[in-house]
Structures are given as structure tokens and as C-alpha cells.
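For reference, the chains in residue letters:
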Amino acid sequence: RTIFHYSKNTLCCDGQRLDDLADTFGTPLFVTSKKNLITRYNEFEEAFSGLPHFTCYSVKANFNLSVIKTFGELGCGCDVNSGGELYRALQAGVSPEKIIFAGVGKKAEEIAYALRSGVLMLKAESLSELAVIDRIAAESGNVALVAIRINPNVTAETHPYITTGDSKEKFGIDEGELDAVLMLLSELKHVRLAGLDMHIGSQIFDPEYYVAATIKLLAILERVKAQGFAIEYFDIGGGFPVTYDPAKQATPIAQFAEKLIPLLRPAGVKVIFEPGRFLVANASVLLTRILYRKQNHTGKQFFIVDAGMTELIRPALYQSHHEVLAVTRHKESVEADVVGPVCESSDFFARHRTIDDAAEGELLAVMSSGAYAAVMSSNYNGRLRPAEVLVDGQDVRLVRTRETYEQLIQNELL
Ligand code: LLP
């Protein structure tokens with residue numbers, strides 16, 4: 001996060017003053033550091049350099065075309081979760097053979113689109129889906145490469161809404177189904193099993209959960225190979241943690257690598273990683289202007305800002321912590337709630353937080369807003385999605401324009 005730093009008491013992104021960016025582009029505004037995206041990718045690659053692998057950026061974390069393109073240009077692949085994300089990845093210039101297609105509920109149209117586009121493989125999550133992929137591939141006389149996503153039944157400790165490897169969740173194929181899946185795969189003529197896949201959740205601090213799930217998936221690999229299937233890809237998903245709260249530092253990626261490489265190397269497969277958050281979370285801030293300040297009879301203070309849960313829903317949805325910094329530093333501080341303009345009590349960024357005593361009209365930066373922020377934004381309350389800016393040293397680029405009122409109603413018919 002050092003890419004965001006104070007210089008002469010003003011918060012900057014890679015040398016650019018955030019107050020200047022707000023003046024130029026308006027607020028709310030997402031500001032992303034291209035350098036930070038690149039640094040994080042290199043850090044990830046460095047950690048796993050001792051392992052034959054292929055990193056697929058999980059586009060769902062931040063699907064801005066310029067963000068995808070930045071990773072694509074570094075040689076990174078993409079993990080997409082819908083036809084829409086596939087479209088975005090292709091539009092950003094990522095070649096289809098570097099794209100893997102996930103999703104617990106792919107529609108036939110999406111499967112057809114993926115096959116037509118020539119993606120590397122689809123990750124199937126049920127017996128029925130395998131049959132649908134086979135039927136669609138047969139229509140064009142092709143053989144589709146598939147991985148099967150296994151639910152390893154490992155419950156990683158994270159927020160309950162973002163744990164996915166537990167067998168009570170909808171994700172993946174239960175290990176008990178494996179024989180039936182392999183039987184079906186040996187009958188289907190238009191799918192070829194090329195990989196095993198899992199994803200146990202997100203923001204997982206303890207490498208031991210990956211170790212436990214990997215050991216299970218390796219055992220499945222042996223069973224699958226024993227049945228005569230040649231497995232090239234071994235996809236252990238994403239979920240690597242980032243620091244949101246300086247008091248709760250994320251486990252360094254090197255510690256995950258240290259535990260996983262010795263386990264995975266002997267398997268002789270190409271390992272796929274699908275990091276999302278790790279690559280983007282701390283590359284962006286959400287810049288917002290203080291509209292009003294007020295106080296209630298108990299002395300409680302509120303900063304009412306021009307961004308809200310429509311731009312960053314994570315505090316409302318997962319009680320997640322985001323640092324809130326004043327763009328212009330003040331000596332005095334106050335304890336306050338930082339809240340948005342949306343008509344919901346859950347529309348807050350911070351509660352009971354010590355914040356610099358910034359005045360109405362000044363700016364706050366909601367930190368770590370690169371992952372699952374803009375992508376989860378909505379038009380609720382008739383809100384316009386914010387503009388997005390990519391900073392690369394001296395080069396400041398508007399990479400998404402602010403929505404307009406006209407765009408709000410463009411799909412409606414009177
Ligand atoms: N692969 C699969 C199959 C996934 O479902 C996900 C995330 C990832 C990779 C990337 O996970 P990451 O490396 O970003 O942790 N909206 C929530 C997070 C939802 C994660 C969904 N799946 C949040 O804001 O915390």
C-alpha cells in the first residue's frame with residue numbers, strides 16, 4: 001500500500017495528488033495504481049517461481065478492461081465466471097487459450113460462447129453440466145477440454161459468505177460423485193478431462209487450509225489417473241489474503257508458496273492459480289467528498305460522504321474493515337461514522353472510527369477498494385456508477401467515465 005502515501009500532508013497515488021484527481025474527474029472516483037497491479041503480479045509470480053504453473057487473474061475481483069489488459073500484457077491468463085466476464089477478457093485483448101471458464105450455473109448459451117471463443121477449458125461443477133458441455137461441443141463437432149471442480153469439504157476460516165470449499169455449499173462436485181463422474185466422462189465423446197479444480201474461499205489467512213484441500217485433491221488425482229485419465233492441470237483456485245487493516249497483516253504469499261510447492265511439485269502437473277483480491281485489492285482507493293458533518297444528542301459524529309454502499313458494499317455485506325484516510329492530513333482527529341447517501345442503515349464505510357478532523361468539502365479515501373468494489377456496484381437509489389482512473393506515474397488515464405442519467409434509463413421502454 002506504500003503506493004498511496006502522504007506527501008506534504010496530501011495523500012497521493014504514485015506521485016499524483018488525490019485532491020487534484022478529484023478536482024479533475026469529480027467524486028466518487030476509483031483511483032487505481034497500475035504500478036501496484038504490476039508489483040503484486042510480480043510478487044505472486046516470484047513466490048511460485050519454483051513451480052510449473054499458470055496464473056489466471058480472477059476477473060470477478062475487478063473487471064475494468066484496463067485492469068484486465070494490464071495483467072494480460074504481463075502474460076497472465078484469466079479466470080472468468082460468466083459470458084459477460086469472458087466478453088470483457090476478450091475485449092481487453094486476452095487470448096482465448098489463456099482463459100478458463102468457471103461458474104456453478106453456466107447457461108447453454110454461455111457454454112456455446114466459451115467453446116466458440118476457444119477458451120482453454122471449462123470447469124464443470126455437476127454431472128448434468130458435463131452432459132450439456134458434451135452436447136454443445138458435439139453440435140460443432142469439437143471436443144471440449146474440461147476440468148472438474150471438486151468440493152474438497154474443507155471449511156476455511158473466513159467470512160461465512162466467502163467460504164466455498166465446505167460440502168454444505170453449492171460449489172463443486174462432491175467427492176462421493178467421483179466414480180459416477182469418471183464413468184460419465186469415459187462415455188462422453190465430446191469432452192476430454194484435462195484438469196482437476198477447487199476453490200476453497202476468499203481472504204484465507206492460514207495456508208494450512210490450502211494444504212488440507214490440496215492433499216485431498218492430490219488423492220483424487222491419483223484415483224483419476226488410475227482410471228486412465230491424463231490430467232495436465234491442477235487448479236487450486238484463488239483466495240490468497242490481503243491486508244485491509246494494518247493491525248491484521250495478511251500472511252505473506254511466500255508462506256503459502258513455501259507450504260504448497262513441496263506438495264505440488266512431485267505431482268508433475270501444471271498448477272493453475274486464480275488470484276483475484278491478492279492482485280488488485282490494495283491497488284485502488286475510492287475517493288469521496290465530505291458533503292456534511294453532523295452530530296446527534298449523544299455527541300456521536302457523522303461524516304456524510306458522496307460515495308456509498310452502491311460503490312463499495314463490502315462493509316454492509318461482510319462487515320469488512322476498510323481504512324478511511326483524510327486526503328489532507330489534519331492534526332486533530334474525531335471519532336465518527338463515515339456514511340453514504342443511500343437510504344439504508346447499512347450504508348456505511350466505517351463506524352466509531354478515529355478520523356482526521358476534515359471539514360465539509362474535503363476528501364476522504366476509502367482504502368483497499370480495488371477488489372469486489374466497483375464490480376459489485378449498483379444503481380440502487382438511482383445512483384450513477386463512478387468514474388475510474390488509472391495512474392501510472394505521470395500518466396493519468398480515465399479508464400471508465402462516470403455514468404449519466406441517460407444511461408440509467410437506456411434499457412427501459414415507455
Ligand atoms: N476462483 C474462483 C472459482 C472464485 O470463486 C473466486 C472468488 C476466485 C477464484 C478469486 O478469489 P480471491 O483470490 O479474489 O479471493 N465479494 C467477496 C469475495 C467473493 C469471492 C468469490 N470468488 C468479497 O468482497 O470479499
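Position labels on residues start from 1 in each chain and follow its written sequence. pLDDT decides what is reported in this predicted model: residues at 70 or higher carry local features, side-chain atom pairs at 80 or more are listed and counted, and totals for whole chains, interfaces and linings draw on all residues regardless.

Attention now moves to helix 6 (residues 127–139). If you check helix 6, its first and last C-alpha atoms are 19 Å apart, about what 13 residues at 1.5 Å a residue would give, namely 18 Å. Working definition of burial: number of other C-beta atoms within 10 Å of the residue's own, with buried at 20 or more, exposed at 12 or fewer, and partly exposed in between, all C-beta atoms being placed from the backbone. Only runs of H or I of at least four residues qualify as helices and only runs of E of at least two qualify as strands under DSSP, and these elements are numbered from the N terminus. Among all positions in helix 6, only Glu 129, Leu 130, Ile 133, Asp 134, Ile 136 and Ala 137 are buried. Elements in contact with the buried residues of helix 6: helix 5 (108–117), strand 8 (121–124), strand 9 (144–151), helix 7 (178–187) and strand 11 (191–197). Trailing helix 6 by a residue or two, Gly 141 shows a phi angle of about 70 degrees, which is positive. What a helix should span is 1.5 Å times the count of its residues minus one. Whether two residues are in contact is decided by their C-beta atoms, placed from the backbone, lying within 7 Å.

UniProt positions are given in the numbering used here, feature names are shortened, and annotations may be inferred rather than shown by experiment. Mapped onto the present numbering, the UniProt feature "modified residue: N6-(pyridoxal phosphate)lysine" (unreviewed entry) falls on Lys 60. Structurally, the position occupied by Lys 60 is in the loop between strand 5 (53–58) and helix 3 (65–73). Those residues within four positions of Lys 60 in sequence are excluded, and the remaining contacts are Asn 81, Glu 85, Gly 276 and Val 375.

A separate point is the UniProt feature "binding site: pyridoxal 5'-phosphate" (unreviewed entry) in the chain. Under the UniProt annotation, "binding site: pyridoxal 5'-phosphate" (unreviewed entry) lies at Gly 239, Glu 274, Pro 275, Gly 276, Arg 277 and Tyr 372. Looking at the element boundaries, Gly 239 is found in the loop between strand 12 (233–235) and helix 9 (253–264). With near-sequence residues (within four places) excluded, Gly 239 lies in contact with His 199, Ile 200, Gly 201, Ser 202, Gln 203 and Ile 204. Within the fold, Pro 275 resides in the loop between strand 13 (270–273) and helix 10 (277–280). Every residue in contact with Pro 275, bar those within four places of it in the chain, is listed here: Phe 44, Thr 55, Tyr 57, Ser 58, Gly 238 and Phe 240.

With that settled, consider the pairing of strand 11. Across the seven residues that make up strand 11, a large majority, five, are buried. Direction of pairing for strand 9 relative to strand 11: parallel, over a ladder of six bridges. Within strand 11, the residue paired with Ile 148 across the bridge is Leu 196. Look down the strands so they point away from you; if going from the first strand over the helix to the second traces a clockwise path, that crossover is right-handed. Once you follow strand 11 into helix 8 (residues 207–226) and on to strand 12, the crossover reads as right-handed. Strand pairing requires that DSSP identify at least two bridges connecting the strands.

If you walk across this open sheet you meet the three strands as 1-2-3, and the pairing is antiparallel. Edge positions in the sheet fall to strand 1 (4–7) and strand 3 (16–17), since each of these pairs with one other strand and no more. Across two bridges, the pairing between strand 2 (residues 10–13) and strand 3 is antiparallel. Following the sheet pairing, Cys 12 is matched in strand 3 by Arg 17.

This part takes up the confidence of the model for the chain. On average, residues of the chain carry a pLDDT of 96, and 100% of them reach 70 or more. Confidence metrics for the complex model read pTM 0.97 and ipTM 0.99. One confidence number per residue, pLDDT, is output by the predictor and ranges from 0 to 100.

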